[in-house]
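Each chain is listed here by its residues.
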Amino acid sequence: MDRRTTVKWMLAASAAWPAWRAGLAAQTPPGAAPSQLPAAPGYGTDPDLVTPHKRGEFWPLTLSAAQRRLAAVLSDLIIPADEHSPSASAVGVADFIDEWVSAPYPTQQGDRPIVLQGFAWLDAEGARRLGKGFAALDAATQTAICDSICDATRAAPERRDAARFFALYRDLTAAAFYSSPAGRKDLGYIGNVPLTSFDGAPPELLKRLKLT
Amino acid sequence: MPFVTAKTRQRAYDVIVVGSGAAGGQTAYTLCMEGARVLMLEAGRRYTPAAETPMFQTPDMAPLGGANTPQKPFGFYDATVDGGWEVPGEPYVRTTEDHAGRFDWWRARMLGGRTNHWGRISLRNGPYDFKPKSRDGLGFDWPIGYEDVAPYYDKVELLIGVYGSNEGLENTPNSPPGCLLPPPKPIVSDYLIARSARRLGIPVIPGHRAVLTQALDHRSNPQRLHPGNAKAQEILAADMRSRAPCLWATPCGRGCSIRANYQSTTVHLPPALATGNLDIATDAMVYEVALGADGRADGVNFVDRTTGTHEHASARVVVLAASACESARILLNSKSPHFPDGLANSSGKVGRYIMDTVGSDVTGQVPLLESLPPLNEDGADGHQFYMPWWLYQEQLAGKLGFARGYHVEFSGGKRMPGPDTGKGLEWLTGGNYGAKFKQDVRRYYGSFVYFSGRGEMIPNERSYCEIDPGGVKDKWGIPVLRFHWQWSEHERRQAAHMQRTFGDIIEAMGGKPKKIETDGAKAIAPGGLIIHEVGGAIMGANPKASVTNGWCQTWDVPNLFITDGAVFPSNADKNPTLTIMAIAWRAADHILERLRRKEL
């Protein structure tokens, strides 16, 4: 249980819920999936915890095919395949993102316009540079665009919103990837298995770290 | 017979217990094992941990990776059913939404209540903690002392199973031989934190948590707990044999299907039910204690949530154990010509002196813990060690600027990755992405340490609950509570001290704190966030200034008892649950004695 996160959620949710709703109508990019979702009940306060759930089971996924394509391309720029593990899209990160921005909860609905506007900004930036949507750009141009927004402290003033989007999207990509079996394996997580005894820190490691 | 409905329950019981959590579970256990016939009324639904606990489920099987939502505030797999700081259809009112003055009220509508998900931290109050006013002139003394409660701490530890050690530190009591189970072995970050804190003069000792690091002694413990009661011993021995020790995996907050940690549903209720003396009615929302013409409680009135009908149940004794604020609410809603301001409220103190725990947290990142080899550090689910308050003498000498102490809970290690892994790393990575980001997440995974201060709040006149004067009612038509809240400078300074201390420890580890907030007003978590709320019907030695006596018996109504946190006249830094169980057992022993003497 992470009470730090809970505290942040409590404070954010109580303050942010009406504010984002008021701002949405004006910000919806034309032709995109609707920013404002129909009221959905969510999974309720007593969901089945034992049976594994599928994305879209509790609320409909709402991203368009083009948005999902963009979601996958961008998440692979953030978490590409390497010698340890597959890329983000290979473990279904686009599904996770779609579920996230389609969820009926305050945090997620607050993230939704940031993600959708970020997608629109990426496509507009691709069009400005090479007359193509972001997903259709060559890797070098995609990287150049990401380089301009990946660090909010160094991004140009007119790119601050885009940088804020990129930081959020990196968090969501990481959330999706490291929630997956491949992500756990990538980090070398070897717990969540029953043991007959718990031995604590290995003595040789403690010795190496000069902790004994 | 054990699970009953409005239709199948019996006409009369010795005792009605309202609530099924730590207080209700313990009260009913003690009464039933010693022969009293008990009806337990629980507002929430029946809950079966063996079938409903998500033990090894992983984040990819949950919506949103299991992240927190308002419907599951501690994450999807948290054990809580129909609960949280907001319960649909059961509102409450705050006087302000501001950080400084808000109180958020956590409830769980399920059999076993909050014990299904709690942190299992089980610390004894020390001698100072029962007599705080005598020590520093602030707040209230309890009418009982450590020596009165100590035998019951022993009993609770022997029954539920608590790991820990005896260190002989100031106001941090030892347990008698055989009471505690061995503590779990330290993980790498435990060693580093302990070394660094000790260099600063801060003690680091094994935590006390209600987790079975080995099987309970089913031969000795039942005899110690129920001397001369062969039936109770037999039932308890059989039950202890069926509880498995910890398998060193899965978060305790999900509950435990093998019964390796304490939940009321897995520890108190099964043996109590096995006696045949306990009937449980779930979905029974008690809203009122009914007063007889003789001035005694003649039972309770409740809404059957499955039918919406109003029911009455009667017994010789009524025990409220519905949680501090819910018990206060029931009393305040029990109005009669003789008690126009609520039952047992001739003192005007019902609802008064609500306290939570002072909470403040810091995250740090430690280079020495980066890029360690794969390690299974699930252990006993964190908080294996802690720092008891260490500045009693400096505080008493007035050197700190705040009157009460705190303990430090901390955790670290390579815990199961999930939706927060890799989040917000910009302060370390400068915002990189791609192959470098992936390498950085690997590098930093397991290198974070988390410190949580948990401190004592002094009761004050401006932190209380009352029936909402605006007339708001819940979906059952029951008037709701309105909360008032205010911290004092003691709590704000304490929170700032926590922040500075955690920064010092992290720096002593060679690490970097993410953020240190030295403004206490900003560092302190809002009221109710730590979910240690107590008070609202405090015990005392003076009927004019308290609601119950030292036996949890209301001054005004001799057969009405309150055995939950409502009776706490102070809220030590020690997490309240173990003390709730100890005073509930003590009160139940008293009720049994009075029943035998036909005084109730």
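First, a word on what this report is: a plain description of the structure on this page. (Residues numbered from 1 in each chain as written. Chains lettered and ligands numbered in written order. Predicted model: local features only at pLDDT ≥ 70, side-chain atom pairs only at ≥ 80, totals over all residues. Heavy atoms only, no water.)

**Considering the overall build of chain B**
1) Next: Looking only at helices and strands, one finds 16 helices and 20 strands in chain B.
2) Next: In terms of C-alpha radius of gyration, chain B reaches 23 Å, essentially the compact-globule figure of 25 Å for 600 residues.
3) Next: Overall size of chain B, expressed as C-alpha extent along the three principal axes, is 75 × 50 × 45 Å.
4) Next: Taking all contacts inside chain B whose residues are at least 6 apart in sequence as the whole, residues at least 24 apart take part in 73%.
5) Next: Counting every atom, chain B has about 18900 Å² of accessible surface; 51% of that belongs to carbon and sulfur.
6) Next: Side chains of chain B carry 65 positive and 63 negative charges; the gap between the two charge centres is 2 Å. (Helix = DSSP H or I, 4+ residues; strand = E, 2+ residues; numbered from the N terminus. Rg over C-alpha atoms; globule rule 2.2 N^0.38 Å. Contact = heavy atoms within 4.5 Å. Areas by Shrake-Rupley, 256 points an atom, 1.4 Å probe, with all protein chains shown as cover. Lys, Arg positive; Asp, Glu negative; His and termini not counted. Charge placed at Lys NZ, Arg CZ, Asp CG, Glu CD.)

**Remarks on the sheet that holds strand β16 (residues 448-455) of chain B**
All names here are of chain B.
1) Next: Across the sheet, which stays open at both edges, the 6 strands sit in the order β8-β14-β15-β16-β13-β19 with antiparallel pairing between neighbours. The open sheet has two edge strands, β8 (205-206) and β19 (512-513), and neither has a second partner.
2) Next: In this structure, β8 lies alongside strand β14 (residues 385-387), joined through 2 bridges in antiparallel fashion. Its bridge partner lying in β14, Pro206 is registered against Phe385. (Pairing = 2+ DSSP bridges.)

**Describing the pairing of strand β9 (residues 278-281) of chain B**
Residues and elements named next belong to chain B.
1) Next: Because side chains alternate across β9, one face comprises the buried residues Leu278 and Ile280, and the other comprises Asp279 and Ala281, equally buried.
2) Next: Of the strand pairs in this sheet, strand β2 (residues 38-41) and β9 are connected by 4 bridges, and their pairing is parallel. Residue pairing in the sheet places Leu39 in a bridge with Asp279 of β9. (Buried < 20%, exposed > 50% of the residue type's maximum accessible area, 1.4 Å probe, protein only.)

**As for the sheet that holds strand β17 (residues 464-467) of chain B**
Residues and elements named next belong to chain B.
1) Next: Read across the sheet, 3 strands follow the order β4-β18-β17 without closing on themselves; strand pairing throughout is mixed. Each edge of the open sheet is held by one strand with a lone partner, namely β4 (93-94) and β17.
2) Next: Taken together, the 4 bridges between β17 and strand β18 (residues 481-484) define a ladder with antiparallel strand orientation. Bridge assignment links Glu466 to a residue of β18, and that residue is Arg482.
3) Next: Packed on one face of the sheet, helix α10 (residues 324-333) meets β17 and β18 and runs near 35° to β17. (Axes fitted to C-alpha atoms, helices over the stretch in contact; angles between N-to-C directions.)

**A look at the packing of aromatic side chains**
The relative placement of two aromatic rings is captured by the distance of their centres and the angle of their planes.
Residues and elements named next belong to chain B.
1) Next: Enumeration according to the criterion identifies 36 aromatic pairs over all chains in this entry.
2) Next: With a centroid separation of 5.0 Å and an interplanar angle of 70°, the aromatic rings of Phe74 and Trp106 are classed as edge-to-face. Note that Phe74 is positioned in the loop between α2 (49-52) and β3 (83-84) and Trp106 in the loop between β4 and β5 (107-108), a separation of 32 residues in sequence. You'll find Phe74 and Trp106 in the same group, each marked buried. (Phe/Tyr/Trp six-rings, centres within 6.5 Å; stacked < 30°, edge-to-face > 60°.)

**So, the interface of chain A and chain B**
How big an interface is tends to be stated in terms of accessible area lost as the parts join.
1) Next: Between chain A and chain B, the residue contacts involve 82 residues of the former and 94 residues of the latter.
2) Next: Both sides of the chain A and chain B interface together cover about 7300 Å² of buried area, and 62% of this is carbon and sulfur.
3) Next: Where chain A touches chain B, the interface holds 6 salt bridges.
4) Next: Our count for the contact surface shared by chain A and chain B stands at 33 residue pairs in polar contact (both at pLDDT 80 or more).
5) Next: Sorting the residues of the side of chain A that touches chain B by element identifies α1 (3-27), α2 (65-78), α3 (93-101), α4 (106-130), α5 (139-147), α6 (160-178), α7 (181-186) and α8 (203-208) of chain A as the ones contributing at least two each.
6) Next: Per element, the largest residue contribution to the side of chain A that touches chain B is 9 residues, and it comes from α1(A). (Buried area = accessible area lost by both parts, 1.4 Å probe. Salt bridge = Lys/Arg side-chain N within 4 Å of Asp/Glu carboxyl O. Polar contact = N/O pair within 3.5 Å; in protein donor to acceptor, adjacent residues only side chain to side chain.)

**Describing the pairing of strand β15 (residues 406-412) of chain B**
All names here are of chain B.
1) Next: The element β15 is largely enclosed, with a buried count of 7 among its 7 residues.
2) Next: By the alternation rule, side chains of β15 split into Tyr406, Val408, Phe410 and Gly412 and His407, Glu409 and Ser411, which are all buried.
3) Next: As judged from the 2 bridges shared by β14 and β15, these two strands associate in the antiparallel manner. Residue pairing across strands places Tyr386 opposite Glu409, the latter belonging to β15.
4) Next: As defined by bridge partners, β15 adjoins β16 across 7 bridges and the pair is classed as antiparallel. Following the sheet pairing, Phe410 is matched in β16 by Phe451.

**Overview of the nonpolar core**
Side chains of a nonpolar character, in soluble globular proteins, are inclined to be buried together.
1) Next: Ranked by internal contacts, the top residues of the largest apolar core, which has 172 residues, are Ile160(B), Met387(B) and Phe451(B).
2) Next: Apart from residues lying up to four places away in sequence, Ile160(B) is in contact with Ala210(B), Leu212(B), Leu216(B), Arg243(B), Tyr262(B), Val267(B), His268(B), Leu578(B) and Met581(B).
3) Next: Core analysis: the next-biggest nonpolar cluster, separate from the first, contains 59 residues, Leu70(A), Val93(A), Ala103(A) and Phe177(A) among them. (Core = buried A, V, L, I, M, F, W, Y, C linked by side-chain atoms within 4.5 Å.)

These figures come from the coordinates and say nothing about function on their own.
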